[in-house]
Every structure is written in C-alpha cells, then in structure tokens.
Amino acid sequence: MKPFYVTGHMNPDCDAIVSAIAYAHLKQQLGQDAIACALGKAKSETQYLLQKFGFEHPKLIHTAKCMLSEIEKDDPLLAGPDLTMKEALDLILSRKNKGIFIVDEKERLLGLLSVSDLTKLWAESGKSLKDLISTATLTNIARVLKGKYYCESKQYHPSGIVQIMPSMSDKPEVYKNSIVIVRNNPDIQRFVIEAGAALVVVSGEDWIDEVTLSYAKAKGVSMLHTDYSVIECSRLIYQTPSVKSVMTTDVMTFQETEYVDEVSDHIAKTRYRTYPVLDKDGRVVGAISRYHLFHYEKKKFILVDHNEAMQSVRDLEFGEVVEIVDHHRMGGIETVTPINIVARTVGSTAAIITGLYKSSHIKLPKNLAGILLGAAINDTMCLQSPTTTTFDHEMVKYLEEVSGTKAIDLYQEMLDASDSVTNKTDVELLYNDFKEFRINGTRIAIAQVQCKKDDYFAIKVHFHAFMKETAEVQHYDLVLTLFTDPMGSGSYFLVAGKKSNIIAEAFGDILNKEHFGKGIVSRKKQVLPIIIDTLK
C-alpha cells in the first residue's frame, strides 16, 4: 500500500510546514505509513525553528502525478543476445510473459522479443527461413537438439537449407553446405559428406564408425548426434538461431521518471503489449503494459492547513485526497469517496493537531511540542491575532509545558530569525505567503508579509510596480498584499489589478490615508470574508 503524503499549502508558512511534520508523526504512531511533505522551501523563521528543535526540512513534492518508478510494474524478463529462439520461447511460456527484453552485460536494452516475433518467422517464405538458419551457430544447434558433436569443423558456413532423410539417388549438389538430418546409416552419412554438407545431424542410435568419422573430418563436415527423432529435429532446427537475429531493435522505451499520464498518451498510439522501463543509466528495471497504466494506485494525500485545490499540490486531480485537517474556510475540493475532515475555527492548524495528539492518547515528544508551539504562536502573532480562541490558549499552554519553552521567548527568537523585507526579491516577497482564490468568477490573490513600517515604505514603490505586472501577466483581477506589523498593530494594504476598487469599497471606512488598517492582521478572518461579501 502506498504511503500517505501529508502536505501543507503552496508557499508554505510555519503552520503548514510544522503541521505536516506533526501529523505525519501522529499517523506513524497510529500504525499508518505517512510522509511529511512541503510544496516549497520553508521561510527563514521556520528553518530556524526546525533547526532549534532538531528537525529536517520535509520532503519537497511538486506534483500529485505518479512517475513510472512509483507504480506497480512487472519484473522484466531479461536475456542476452545469444539466447536461442527455442530457449526464448520456453522462457516466455514458462513465465507467461508478453516478451523478453534482450540486454547487454550491463542490462542495457538491445531489443525486444515477443511470441509473435518468434511464431511469425515460421510462416515466412523459404528464402527468409534459409537466411535465418544460416545464422545459427553449431553451439546453438547443439543446445537446442541436446546433442553432442562427433566432430566440429571450423569451416562451418551453412547455406541455411535443411534436408531431411536424403536418398542416394538424389543429386549430390542439392546437399552442398546444407544441414542434413539422417538416421544412423553409414552409407547415407558418407553420401552427404561427399556431397559437401555443412552439418550432418544423426538421429537415433549413438554410434559412428571410424571410417565415416575420418571422412567427415577430412571433408570439413561437422557431425552431431541427438536422441530426438528426425521429425522432432526437423521442427527444432528452425528454433536454433540466436534471438539477436529476430529481435525488434526499434523499441519504444520509457524512463522511470516519466509520468503515467504522459506515458499513457504515447502507448495509446501503439500496438505493442509490453514496454521496457529504463533507469537513468539505460538499464531495464521494469515492464509496463496498458493494464498497469489504467489500474495503478494513485498517490494519497492528507491536506493540512488548507483545503482548496488552487493552494494545494499541482495536478491534484491525478491524486486522491483522503483527509483534511484545517482551520480555514472550505474551498470545495471534490473527492470520489467520503473522507475524514477535521476543521475548527481556531487560530492555527498546529493547535488542532496538538488536540488530536491528546485525544488519541499519543505522547507528544518534547522537540515536536517545540515546533508545534512555534507554529501556533507564529500563526496567531503570539496569540494576539483576532483568530485566537480559548482553545489556542489552552494548546499553547500545554505545548509550553511539554517543550519546556516560553511562547513569548520563542516568538521573539523567530522574529529575530526572519529576513528583512528589504533583503528579499519582489518574487520572494509576493510568493512567500501567497494564496489564490476564485470567488464569483473573480480571480484573486492575497499575499501577507510581516514587516516594520520603515521597511514597508522602503520597498513600496518598486514592489507595487511588480504587483501590477503580476496582475496583468497572470490574469488576476485583484492582487492584494498585506504588510502586517509583527506586533499586531495592523496592516498596510497594497493593491493592484483591474478590480482594485473592491478594496476601496470594502475597506474604505477602515483604511487611513496611508492605507493602513488598524487592528487588521488576519487574512483569513478579517480580510477574505469582507472581500467575499463585497463581491456578492
């Protein structure tokens, strides 16, 4: 069974990163395979928090799609180019495989051999069969016929013609350079040796007289004995060439890093039944068919600190959402089956997850309590945000006790560790904590940045120009950035886009001449709901 991928939202804040780590750990303690993930690099204050309490950054994940390396595949049936057609057919039938991948000594692909490649040859014209048999080596013939050589000539150059049970009344020239299958009749054997046969296959009793053997050696004719009957020999002789003579070399291959949906599009246009999957070194590591691509198990996601597709992992429709833990408005993700949802009107997802540890009677490790504390106070501005509830206060107090850390001290440490906005690029500023919404057909983006007043006015002009460009290029109707005082006094509103008037209409009575909203610090509770009401 695939693991659960626990992930926060794009442009992750501290709450998203820590909630993914903590909830994945809780799932593991409950006996479920869960992996903490992130949809972007943590901010400097979050990185400080993780380092302080000894945690690594969660695994970055960029798409919900599955690569070929992540789905079930058949074990590849591999063979070298010197395998005989008989051995290849036996191998395919015994393993019930659709084909064999012919590889070199390093398991790099040389060609593909299917049952149809083998069987269609036996229905070919006489010339094609002749050309094929002319490639069969004495070693291959002995392996297929399970024979032993009385003598083996170095001058073996067969024409590819196979003769069965010759008659001494035949014209000798028809046997020149042929493979001749005979019974143990010394007169017939000497007749075809004299005629210049390339190989005499003796079926039946295992003996040969010295005169005949000496004559064969003198004439450069190879002689082989087999216990198979003449009829069996005549059938098996056509399975003696090596697979390198009949394999398909123009093979459609796929890298294990390719995505399933893209591979499906390619396969839909072809007729083959099996396809090799290669690693970065060109080695064959698996085999796929249409069945694997249409019946694979999708990645399973647990979304924390968000529930809207626009804020989640890319290509979410190719994955499966199985659970949501969040404290934001519900954004309408559709699922195929019922899922578990834990949603509370509290200040942070970290507080919700702390409560889940308590209700599950799972002991919270001291260092994990430390990062949960940091996330809870970061998301509530040390419990000063209007989103803060009694439950948040209770969970923070509990986390202080378990971690042995004071919330106010940790909050100041995280503020000191955060980067000044003057040291960030416009892209970093806008997308550091950036969320998209689609409301009544209006495409809106709201970013939030914590910074001091002087820093805001230092970057305002050039950053506003970047916001206008972003709104135009990305086709946003409204782009709003909230520059929030870390101590919770309020936020400066900076807006761009063709529907910028929405902010003036919604917050005209609240914002002063510098577009500062006193006491407005929560995008979730104080800004987004008013924008939604205004649009409606």
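Because the structure is a prediction, the values reported are computed rather than measured. (Residues numbered from 1 in each chain as written. Predicted model: local features only at pLDDT ≥ 70, side-chain atom pairs only at ≥ 80, totals over all residues. Heavy atoms only, no water.)

K.L.:
Help me understand the sheet that holds strand S4 (residues 78-79), please; the structure alone is not making it clear to me.
P.N.:
Note: strands within a sheet are paired through backbone hydrogen bonds, in either parallel or antiparallel orientation. Judged by pairing direction, the sheet is mixed, and its three strands sit side by side in the order S4-S5-S6 without closing on themselves. Each having just a single partner strand, S4 and strand S6 (109-114) make up the two edges of the open sheet. Here S4 runs beside strand S5 (residues 99-103); their pairing, made up of two bridges, is parallel. Each residue of the ladder has a partner; that of Ala79, found in S5, is Ile102. Packing of helix H3 (residues 85-95) onto the sheet brings it into contact with S5 and S6, and relative to S5 it is tilted by some 130 degrees. (Pairing = 2+ DSSP bridges. Helix = DSSP H or I, 4+ residues; strand = E, 2+ residues; numbered from the N terminus. Contact = heavy atoms within 4.5 Å. Axes fitted to C-alpha atoms, helices over the stretch in contact; angles between N-to-C directions.)

K.L.:
What is the right way to read the pairing of strand S13 (residues 275-278) from this model?
P.N.:
The two faces of a sheet get side chains in turn, since along a regular strand they alternate between them. Both faces of S13 are covered, namely the face carrying Tyr275 and Val277 and the face carrying Pro276 and Leu278. Two elements, strand S12 (residues 254-255) and S13, share two bridges in a ladder whose sense is parallel. Following the sheet pairing, Phe254 is matched in S13 by Val277. You can see the chain leave S12, run along helix H10 (residues 260-267) and come back into S13, and the turn it takes is right-handed. (Buried < 20%, exposed > 50% of the residue type's maximum accessible area, 1.4 Å probe, protein only. Right-handed = clockwise from strand over helix to strand, strands pointing away.)

K.L.:
Hey, could you run me through the sheet that holds strand S15 (residues 300-304) in this one?
P.N.:
Sheet architecture is open: six strands sit in the order S3-S2-S1-S15-S16-S17, paired in parallel fashion. Both outer strands of the open sheet, strand S3 (59-60) and strand S17 (340-343), are each paired with one neighbouring strand and no more. The sheet strands contacting helix H1 (residues 14-29) are strand S1 (4-7), strand S2 (34-38), S15 and strand S16 (320-326), and the helix crosses S2 at an angle near 175 degrees. On the sheet, helix H12 (residues 349-359) packs against S15, S16 and S17 and is oriented at approximately 100 degrees with respect to S16.

K.L.:
Can you help me understand the UniProt feature "domain: CBS" (unreviewed entry) in the chain in this one?
P.N.:
UniProt records the feature "domain: CBS" (unreviewed entry) at residues 71-128 and 247-304, using the numbering of this structure. Here residues 247-304 runs as 22% helix and 28% strand, with 52 Å between its end C-alpha atoms. (UniProt positions renumbered as here; feature names shortened; annotations may be inferred.)

K.L.:
Which parts of the structure should I look at to understand the pattern of salt bridges?
P.N.:
Once their charged atoms are close, side chains differing in charge can pair, the charge on each being opposite to the other. Applying the stated criterion across every chain yields a total of 22 salt bridges. A salt bridge links Glu70 to Lys299; the nearest nitrogen and oxygen atoms lie 3.3 Å apart. One end of the pair, Glu70, is in the loop between S3 and S4; the other, Lys299, is in the loop between helix H11 (290-294) and S15, and 229 residues separate them in sequence. Assessed through its relative accessible area of 21%, Glu70 is described here as partly exposed. Measuring nitrogen to oxygen at the nearest pair gives 2.8 Å for the salt bridge that ties Asp433 to Arg523. You can see Asp433 sitting in the loop between helix H16 (426-431) and strand S18 (434-439) and its partner Arg523 sitting in helix H19 (residues 523-535), a full 90 residues away along the chain. Asp433 gets classed as buried once you look at its relative accessible area, which sits at 8%. Put simply, Lys43, Asp433 and Arg523 are held in one network by salt bridges that share partners. (Salt bridge = Lys/Arg side-chain N within 4 Å of Asp/Glu carboxyl O.)

K.L.:
Is there a simple way to think about the packing of aromatic side chains in this case?
P.N.:
In this description, an aromatic ring pair is defined by two values, namely the gap between the centres and the angle between the planes. Enumeration over the complete set of coordinates arrives at 13 aromatic pairs. Geometrically, the ring pair formed by Tyr175 and Phe191 is edge-to-face, given 5.9 Å between the ring centres and 75 degrees between the ring planes. With Tyr175 in the loop between strand S8 (162-164) and strand S9 (179-183) and Phe191 in helix H7 (residues 186-194), this pair connects stretches of sequence that are 16 residues apart. Summarising the burial analysis for this pair, Tyr175 and Phe191 share the class buried. (Phe/Tyr/Trp six-rings, centres within 6.5 Å; stacked < 30°, edge-to-face > 60°.)

K.L.:
What am I meant to see in the nonpolar core here?
P.N.:
General note: in soluble globular proteins, nonpolar side chains tend to be found buried as a group. Counting 52 residues, the largest nonpolar core has Val6, Tyr23, Leu49, Tyr357, Leu368, Ile371 and Leu372 as the members making the most contacts within it. Ranked by residues supplied to this core, first place goes to H1 with nine residues. (Core = buried A, V, L, I, M, F, W, Y, C linked by side-chain atoms within 4.5 Å.)

K.L.:
In this structure, what is going on with the packing of H12 against helix H14 (residues 390-403)? I would like to understand it.
P.N.:
What describes two packed helices is the angle between their axes and the distance between those same axes. It is at 9 Å that the axes of H12 and H14 come closest, and there the two elements cross at 65 degrees. Taken together, the axis directions place H12 and H14 in an arrangement best described as roughly perpendicular. Classified by chirality, the crossing of H14 by H12 is left-handed. Between H12 and H14, the residues in contact are Ala351, Ile352, Thr354, Gly355 and Lys358 and Phe391, Asp392, Met395, Tyr398 and Leu399, respectively. Here the residues of the contact of H12 with H14 sort into six nonpolar, two polar and two charged. (Parallel < 35°, antiparallel > 145°, perpendicular 65-115°, else oblique. Left-handed = near helix turned anticlockwise from the far one by under 90°. Nonpolar A, V, L, I, M, F, W, Y, C, P; charged D, E, K, R; others polar.)

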